[in-house]
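For reference, the chains in residue letters:
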Amino acid sequence: MTPPFLRTLTPTGWLGLGLAGAVAVALVLGGLGFRWDPFDLGRRRLDRAEASAAAAVEEAAARSAEARGQAGQVARLEAAVQSAVALERVTARSIQTARTADDSTTPLPADRAARLRDHDRELCRLAPHLIGCPAAPDPADDREPAV
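Residues numbered from 1 in each chain as written. Predicted model: local features only at pLDDT ≥ 70, side-chain atom pairs only at ≥ 80, totals over all residues. Heavy atoms only, no water.

Participant: How would you summarise the overall build of the protein if you had to cite specific residues and measurements?
Facilitator: Of the regular secondary structure elements, the protein holds four helices and zero strands. The helix and strand sequence of the protein, counted from the amino end, reads α-α-α-α. A compact globule built from 147 residues would reach a C-alpha radius of gyration of about 15 Å, whereas the protein, at 44 Å, exceeds it by more than 25%. Counting only C-alpha atoms, the protein reaches 140 × 45 × 25 Å along its principal axes. Only carbon and sulfur atoms are counted for the fraction: they give 63% of the accessible area of the protein, which is about 13300 Å². Of the charged side chains in the protein, 18 are positive and 19 negative, and the gap between their average positions amounts to 9 Å. (Helix = DSSP H or I, 4+ residues; strand = E, 2+ residues; numbered from the N terminus. Rg over C-alpha atoms; globule rule 2.2 N^0.38 Å. Areas by Shrake-Rupley, 256 points an atom, 1.4 Å probe, with all protein chains shown as cover. Lys, Arg positive; Asp, Glu negative; His and termini not counted. Charge placed at Lys NZ, Arg CZ, Asp CG, Glu CD.)

Below, the structure written as structure tokens:
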């Protein structure tokens, strides 16, 4: 025995009743934790979020390395400037002392001048990058290019 209202439903009413039943079943199953994702949209969103997070981590690591390198460069530049200032002070003091010395107008003996030249050459051999030293010869032979 069917209830009388079910006998009076039209095909549109049956369709509406079926849709309402499907929605009710979907809500109950959704509440129980079942998910229907036929196009795997959740996985795609997760993959995009993971890729974005990985790119952000790489970018942060690059910026951190850049900041460390810049801090090191600033420290080296500061040390070079300090060294140049100290050298300038010592040189100025030495020049002033040499100009005001009693024997500043007396020519140097030949043997003393030769000793000073030899000492200067030795300094240039030990540190060819110093100002006033001739360019150092290329240590690479003909087979290997200089780096």
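Participant: Describe in detail the pattern of salt bridges, supporting the description with residues and values.
Facilitator: According to the stated counting rule, one finds five salt bridges in the structure shown. Note that Glu 59 is salt-bridged to Arg 63, the shortest N-O span being 2.7 Å. Here Arg 63 and Glu 59 lie together in helix H3 (residues 41–100), a separation of four residues that amounts to about one turn. With relative accessibility at 40%, the residue Glu 59 sits in the partly exposed group. (Salt bridge = Lys/Arg side-chain N within 4 Å of Asp/Glu carboxyl O. Buried < 20%, exposed > 50% of the residue type's maximum accessible area, 1.4 Å probe, protein only.)

Participant: Please set out unusual backbone geometry residue by residue, giving values where relevant.
Facilitator: Here the phi dihedral of Asp 40 falls at roughly 55°; this positive angle occurs in a residue that is not glycine. One can find Asp 40 in the loop between helix H2 (11–31) and H3.

Participant: Tell me what's going on with a nonpolar patch on the surface, and back it up with residues and numbers.
Facilitator: Together, Val 25, Val 28, Leu 29, Leu 32 and Phe 34 make up a nonpolar patch on the protein surface, roughly 510 Å² of accessible area in all. As for its placement among the helices and strands, Leu 32 is situated in the loop between H2 and H3. (Patch = residues over 30% accessible without salt bridge, like charges linked within 9 Å, V, L, I, M, F, W, Y side chains within 5 Å.)

Participant: Requested: an account of the confidence of the model for the protein, with residues and values cited.
Facilitator: In this model, the protein carries a mean pLDDT of 84, and residues with pLDDT of at least 70 account for 90%. At the low end of the mean pLDDT range in the protein sits helix H1 (residues 4–7), at 72; at the high end sits H3, at 92. (pLDDT = per-residue confidence, 0-100.)

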